[in-house]
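# Reading the structure
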Amino acid sequence: MTKLIYFAWVRERIGKTEEDIDLPAEVKTVRDLLLWLKSRGEEFESALQHPEVIRVAINQEHVDHREAVAGAREIALFPPMTGG
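Predicted model, so just to flag it, every value in this text is computed and none were measured. Starting afresh in each chain, residues are numbered from 1 along the sequence in its written order. Residue-level local features of this predicted model are given only where pLDDT is at least 70; pairs of side-chain atoms are given and counted only at 80 or more, and the full residue set underlies all totals for whole chains, interfaces and linings. Side-chain numbers here rest on the full set of heavy atoms in the structure, without hydrogens or water.

### A few points about the overall build of the protein
- Scanning the protein from terminus to terminus reveals three helices and five strands.
- The globule rule puts the C-alpha radius of gyration for 84 residues at 12 Å, and the 12 Å found for the protein is close to it.
- Across the 84 residues in the protein, those meeting the buried criterion constitute 36%.
- By the convention used here, residues are in contact when the closest approach between their heavy atoms is within 4.5 Å. Partitioning the contacts of the protein with sequence separation of at least 6, the portion at a separation of at least 24 is 48%.
- Areas reported as accessible are Shrake-Rupley estimates using a 1.4 Å probe. Residue values count occlusion only from the protein chains shown. In the form shown here, the protein has an accessible surface area of approximately 5,100 Å², with 47% of it arising from carbon and sulfur atoms. The helix count covers DSSP runs of H or I at least four residues long, the strand count covers runs of E at least two residues long, and both are numbered beginning at the N terminus. Only the C-alpha atoms count toward the radius of gyration. The rule for a globule is 2.2 Å times the residue count to the power 0.38. Between buried and exposed lies partly exposed: a residue is buried under 20% and exposed over 50% of the maximum accessible area for its type, with that area taken using a 1.4 Å probe on protein chains only.

Structure follows, in structure tokens:
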């Protein structure tokens, strides 16, 4: 099981803070995960309509979308961050 955690407007659009899921075998990278999540329903489609801007952390470390997800205990999804 992998815990997915959603932050800010990603959480608001999906309608949940977190969930525990078994990742399908075809989900090998962060990019694969985002595309798979996007196919899970209207709320995921809305939150992930531009997956390339979503920031991701695996086990509390920010990673590139090419990063493998195998063995991840926790994956967090964030919208792009701005400074101010």
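### Some remarks on the nonpolar core
- To define a nonpolar core, start from buried Ala, Val, Leu, Ile, Met, Phe, Trp, Tyr and Cys residues and group those joined through side-chain atoms within 4.5 Å. In terms of nonpolar packing, the biggest core is built from 20 residues, with Tyr6, Leu37, Ile75 and Leu77 touching the most fellow members.
- The set of elements that each furnish at least two residues to this core consists of β1 (2–6), α1 (8–14), α2 (30–38), α3 (42–47), β3 (55–58) and β5 (74–78).
- By residue number, the principal contributor to this core is α2, which donates four residues.
- The contacts of Ile75, once residues within four sequence positions are left out, are Thr2, Lys3, Leu4, Ile5, Leu23, Leu33, Val56, Ala57, Ile58 and Val69.

### Quick look at the pattern of salt bridges
- Only one rule defines a salt bridge in this text: a Lys or Arg side-chain nitrogen within 4 Å of an Asp or Glu carboxyl oxygen. On inspection of all chains with the given rule, the structure shows five salt bridges.
- Across the salt bridge formed by Asp20 and Lys3, the nearest N and O atoms sit 3.7 Å from each other. One end of the pair, Asp20, is in strand β2 (residues 18–21); the other, Lys3, is in strand β1, with 17 residues separating them in the sequence.
- Look at Asp20 and you get partly exposed, because its relative accessible area is 45%.
- For Lys3, a relative accessible area of 25% gives the class partly exposed.

### Focus: the sheet that holds β3
- Between any two strands, pairing holds if DSSP finds at least two bridges. Pairing is mixed across the open sheet formed by five strands, whose spatial order is β2-β1-β5-β3-β4. A single partner strand is all that each edge strand has here, and the edge strands are β2 and β4 (61–63). The sheet shows a mean angle of 25 degrees between the axes of neighbouring strands, taken without regard to direction.
- Two elements, β3 and β5, share four bridges in a ladder whose sense is antiparallel. Directly across from Val56, in β5, lies its bridge partner Leu77. Convention adopted: a line fitted to C-alpha atoms gives each axis, helices being fitted over their contacting stretch, and angles between N-to-C directions are expressed from 0 to 180 degrees.

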